[in-house]
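Understanding the architecture of this molecule
So the chains spell out like this:
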Amino acid sequence: MGILLLHMKDVNQKRLNQEKIVSLLNLNKNLKVNLEIFNQIDSTNSYLLKKEQSVNTFNICIAEMQTKGKGRSGKVWESPKNNNIYLSIGTLLNEDLSELDGFSILIALNVCRALKNIYKIRAKVKWPNDLYLKGKKFGGILIETKVVNNKLSLVIGIGLNVFMTSNEFINQEWTSLHIENPLLKINRDLLISEIISEILKDLPIFLKKGFKFYKKDFEKLNILKNKKVTVSNYSSSNCIALDVNDDGSLNLLVDEIKKKVSSGEVSLKIQK
Ligand code: BTN
């Protein structure tokens, strides 16, 4: 009986609350935020990519479930209902965001900071922007852009496994915040709010100073450093991941020769 109740509690989380999330935001007063929550949507990123964005305004789309959740490299992001976080933030930038590698790393850092600030959870990052706990992925980031009248329409998409405890469709090792911290009472409204506040605080700094400013912080969370990796571009299995550069690209040692790769070019696996 006890087990049954626990299981029901697991799959019956409190619904996301728009007013609560907005009230918990800690933002610079010049910024305008519109926040929408959907019970079901194709993809929060796709929705915001279609929407007109404006400068200094942040359109936020959150969903309890996605029917066509998008992952990196054209993969599907499994998005079952009511258990996780599917969050996208859209805005229009005057600046050309040429260092997208570095930018997606910053968003991963922001999520780690939010988790540490409110729950003391110490998540790590697998370059460029996979979120890891105890060696397993629990979250990912998909940044999408399009040019509109010489400005950049930017959509930042974040997917986090929060309460999910089973999913037969994920074909890689995965975990969730609940699996790794079963005693913690995680509140998705609070976590979403903290993530948005962290991102909106850092975005103007990033646009001025670039990834270089965050490089040291990233290195503390970089799980690839000095690990043997398999890299999609290289047939050699003698590859070691080193540090990252000021633009967010990654240095590798392939057969003793130093190479530099950017996130769009490669996929990397840690060798067991
Ligand atoms: C990855 O492959 O690691 C990136 C996953 C990104 C998933 C999020 S969920 C919210 C947003 N909407 C999407 O369709 N994808 C992103």
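Not measured: the values here are computed from a predicted model. (Residues numbered from 1 in each chain as written. Predicted model: local features only at pLDDT ≥ 70, side-chain atom pairs only at ≥ 80, totals over all residues.)

1. What about the overall build of the protein chain?
Per the secondary structure count, the protein chain includes 7 helices and 12 strands. Along the first, second and third principal axes, the C-alpha set of the protein chain runs to 55 × 55 × 30 Å. If you take every contact in the protein chain between residues at least 6 apart in sequence, the share linking residues at least 24 apart comes to 65%. (Helix = DSSP H or I, 4+ residues; strand = E, 2+ residues; numbered from the N terminus. Contact = placed C-beta atoms within 7 Å.)

2. Side note on the site of the ligand
Surrounding the ligand, one finds 20 residues, the nearest of these being Ser43, Gly71, Gly140, Gly157 and Gly159. Secondary structure elements with two or more residues in the shell around the ligand: helix 3 (44-50), strand 3 (85-93), strand 6 (136-148) and strand 7 (151-160). The residue makeup of the shell around the ligand, split by class, is 6 nonpolar, 10 polar and 4 charged. (Near = placed C-beta within 6 Å. Nonpolar A, V, L, I, M, F, W, Y, C, P; charged D, E, K, R; others polar.)

3. Comments concerning the domain arrangement of the protein chain
Under the domain assignment used here, the protein chain contains domain 1 (2-219) and domain 2 (225-270). Looking at the side of domain 1 that touches domain 2, the elements that each hand over two or more residues are helix 4 (100-119) and helix 7 (215-221). With 4 residues, the single largest contributor to the side of domain 1 that touches domain 2 is helix 4. Grouping the constituent residues of the side of domain 1 that touches domain 2 by class yields 5 nonpolar, 4 polar and 5 charged. (Domains from an automatic or database assignment.)

4. Here's the deal with unusual backbone geometry
A cis amide bond, omega 0°, links Trp127 with the succeeding residue Pro128. Inspection of the secondary structure assignment puts Pro128 in the loop between strand 4 (124-126) and strand 5 (130-133). Backbone geometry at Asn56 places phi at a positive 65°, although glycine is not the residue there. For Asp255, which is not glycine, the phi torsion reads 50° and is therefore positive. Locating Asp255 in the fold gives a position in the loop between strand 10 (250-254) and strand 11 (257-261). According to the C-beta neighbour criterion, Asp255 is exposed, with 10 such atoms within 10 Å. (Buried ≥ 20, exposed ≤ 12 C-beta atoms within 10 Å, placed from the backbone.)

5. Some details on the packing of helix 4 against helix 6 (residues 188-209)
Where helix 4 meets helix 6, the closest approach of the two axes is 9 Å, and the angle between their N-to-C directions is 135°. One way to sum up the angle between helix 4 and helix 6 is to call them oblique. The way helix 4 lies across helix 6 gives a crossing that is right-handed. Across from Phe103, Leu106, Ile107, Asn110, Val111, Arg113, Ala114, Asn117 and Ile118 in helix 4, the residues of helix 6 making contact are Leu190, Leu191, Glu194, Ile195, Glu198, Ile199, Asp202 and Phe206. Looking at the contact of helix 4 with helix 6, its residues break down into 11 nonpolar, 2 polar and 4 charged. (Axes fitted to C-alpha atoms, helices over the stretch in contact; angles between N-to-C directions. Parallel < 35°, antiparallel > 145°, perpendicular 65-115°, else oblique. Left-handed = near helix turned anticlockwise from the far one by under 90°.)

6. Remarks on the pairing of strand 2 (residues 57-63)
The two faces of the sheet receive side chains in turn, since in a regular strand these alternate between them. Taking burial as the measure, the 7 residues of strand 2 include 6 buried ones, the bulk of the element. Relative to strand 2, strand 1 (residues 32-38) runs parallel, the two being bridged by 7 bridges. From the neighbouring strand, Asn34 faces strand 2, where its bridge partner is Asn59. The parallel pair strand 1 and strand 2, bridged by helix 3, forms a crossover whose chirality is right-handed. Relative to strand 3, strand 2 runs antiparallel, the two sharing 5 bridges. Its bridge partner lying in strand 3, Ala63 is registered against Tyr86. (Pairing = 2+ DSSP bridges. Right-handed = clockwise from strand over helix to strand, strands pointing away.)

7. Some words on the nonpolar core
One finds Ile107, Ala108, Val111, Ile158 and Ile195 to be the most contacted residues of the largest nonpolar core, which totals 62 residues. Here the element with the most residues in this core is helix 4; it accounts for 10 residues. For this core, the two domains that each supply at least three residues are domain 1 (2-219) and domain 2 (225-270). With sequence-adjacent residues up to four places away left out, Ile107 is seen in contact with Asn129, Ile141, Ile156, Ile158 and Ile199. (Core = buried A, V, L, I, M, F, W, Y, C linked by C-beta atoms within 7 Å.)

8. As for the sheet that holds strand 5
Across the sheet, which stays open at both edges, the 7 strands sit in the order 1-2-3-7-6-5-4 with mixed pairing between neighbours. Each edge of the open sheet carries a strand with a single partner, namely strand 1 and strand 4. Direction aside, neighbouring strands of the sheet carry axes that sit 20° apart on average. Here strand 4 pairs with strand 5 via 3 bridges, running antiparallel. Of the residues in strand 5, the one forming a bridge with Lys124 is Tyr132. Sitting on the sheet, helix 4 touches strand 4, strand 5, strand 6 and strand 7, and the angle it makes with strand 6 is about 135°. Contacting strand 2, strand 3 and strand 7, helix 6 crosses the sheet at an angle of about 25° to strand 3.

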